[in-house]
Amino acid sequence: MELLRYGQSYKVQSRDKFNKIESTGHFPPMVRVNFLDFGRGLDRKSAFGVNLRWQDIESAIKAFSEMGHPDAVKLRNALDLANAVEEVGWKPSDETKSN
C-alpha cells in the first residue's frame, strides 16, 4: 500500500472513488482511492491518495476475518473453496479466467 500526498488544494471536493491503475511492465495492477481536501478546518486541507495492490486487499480480508466480521469470513471461505475445487481440476464451463 502506498500513500501519496498531492499537496494542498481548496478547489476540489472530497472523493472516495476507486480508480483502476493500468499495469505497466512487471508491476501488478492496482486501484487508487483519492482523499481530496482531507482534514478538519480550512487550514488542514490536504489531498492524499492510496494505491492498493491485491495483497493489500487480502491482508484486509484476513484482518477482518480474524476479528470475526461475518462478510469477511464468508469471503475467505468462498476463496478457500474456489481454490480447493480448482486444485482438483474443476474449470468453469465458459473457460473465463477466475483470477
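Reading the values: rules and limits
- Every chain is numbered independently, its residues counted from 1 as its sequence is written.
- This being a predicted model, a pLDDT of at least 70 is required before a residue's local features are given, and a value of 80 or more before pairs of side-chain atoms are given or counted; all residues contribute to the totals for chains, interfaces and linings.
- Only hydrogens and water are set aside; all other atoms, that is, all heavy atoms of the structure, feed into the side-chain values.
- Every helix listed is a DSSP run of H or I at least four residues long, and every strand listed is a run of E at least two residues long, numbered separately from the N terminus.
- We call two residues in contact whenever any of their non-hydrogen atoms come within 4.5 Å of each other.
- Each accessible area value is a Shrake-Rupley result obtained with a 1.4 Å probe; residue values ignore everything except the protein chains displayed when judging cover.
- Put simply, a patch holds well-exposed residues, over 30% relative accessible area, that have no salt bridge, with like charges counted together within 9 Å and Val, Leu, Ile, Met, Phe, Trp or Tyr side chains within 5 Å.
- Definition used for salt bridges: Asp or Glu carboxyl oxygen within 4 Å of a side-chain nitrogen of Lys or Arg.
- One number per residue, pLDDT, summarises how confident the predictor is, and it ranges from 0 to 100.
- The length a helix should cover is 1.5 Å for every residue beyond the first.
- An axis is simply a line fitted to the C-alpha atoms; with a helix, the fit covers only the stretch in contact. Between two such axes, the angle follows the N-to-C directions and lies from 0 to 180 degrees.
- With respect to orientation, any angle under 35 degrees is reported as roughly parallel, any angle over 145 as roughly antiparallel, any angle of 65 to 115 as roughly perpendicular, and every other angle as oblique.
- Handedness of a crossing is defined here by the sense of rotation of the near helix relative to the far one, left-handed for an anticlockwise turn of less than a right angle and right-handed for a clockwise turn.

**Q** Which parts of the structure should I look at to understand the overall build of the chain?
**A** When its secondary structure is counted, the chain shows two helices and four strands. Seen in sequence order, the chain has helices and strands lined up from the N terminus as β-β-β-β-α-α. In the chain, of all internal contacts separated by at least 6 residues, the share reaching a separation of at least 24 is 41%. Carbon and sulfur atoms form 57% of the exposed surface of the chain, whose accessible area is close to 8200 Å².

**Q** How should I be thinking about a nonpolar patch on the surface in this particular structure?
**A** On the surface, a nonpolar cluster with roughly 430 Å² of combined accessible area is contributed by Leu 81, Val 85, Val 88 and Trp 90. Position of Trp 90 among the secondary structure elements: in the segment after helix 2 (70–87).

**Q** I keep staring at the confidence of the model for the chain and nothing clicks. Help me out?
**A** For any part of a model where pLDDT is low, the fine detail of the predicted coordinates should not be relied upon. In the predicted model, the chain carries a mean pLDDT of 78, and 68% of its residues have values of at least 70. Within the chain, the lowest mean pLDDT, 67, falls on strand 1 (residues 2–7), and the highest, 94, falls on helix 2. Per-residue pLDDT stays below 50 along residues 9–14; that stretch engages in 12 contacts with residues further than four places along the chain or on separate chains.

**Q** How should I be thinking about helix 2 in this particular structure?
**A** Along an α-helix, residues three or four positions apart point the same way, because every turn accommodates 3.6 residues. A rise of 1.5 Å per residue sets the reference length of helix 2, with its 18 residues, at 26 Å; its end C-alpha atoms lie 26 Å apart and thus fit the reference within 8%. A positive phi of about 105 degrees marks Gly 89, the residue just after helix 2.

**Q** I keep staring at the packing of helix 1 (residues 54–66) against helix 2 and nothing clicks. Help me out?
**A** Packed helix pairs are specified by the crossing angle of their axes together with the interaxial distance, meaning the distance between the axes. Running from amino to carboxyl end, helix 1 crosses helix 2 at an angle of 120 degrees, the nearest separation of the two axes being 8 Å. Classed by the angle they form, the pair helix 1 and helix 2 counts as oblique. Here helix 1 and helix 2 pass one another in a crossing that is left-handed. From helix 1, Ile 61, Phe 64 and Ser 65 reach across to helix 2, where they touch Ala 72, Val 73, Leu 75 and Arg 76.

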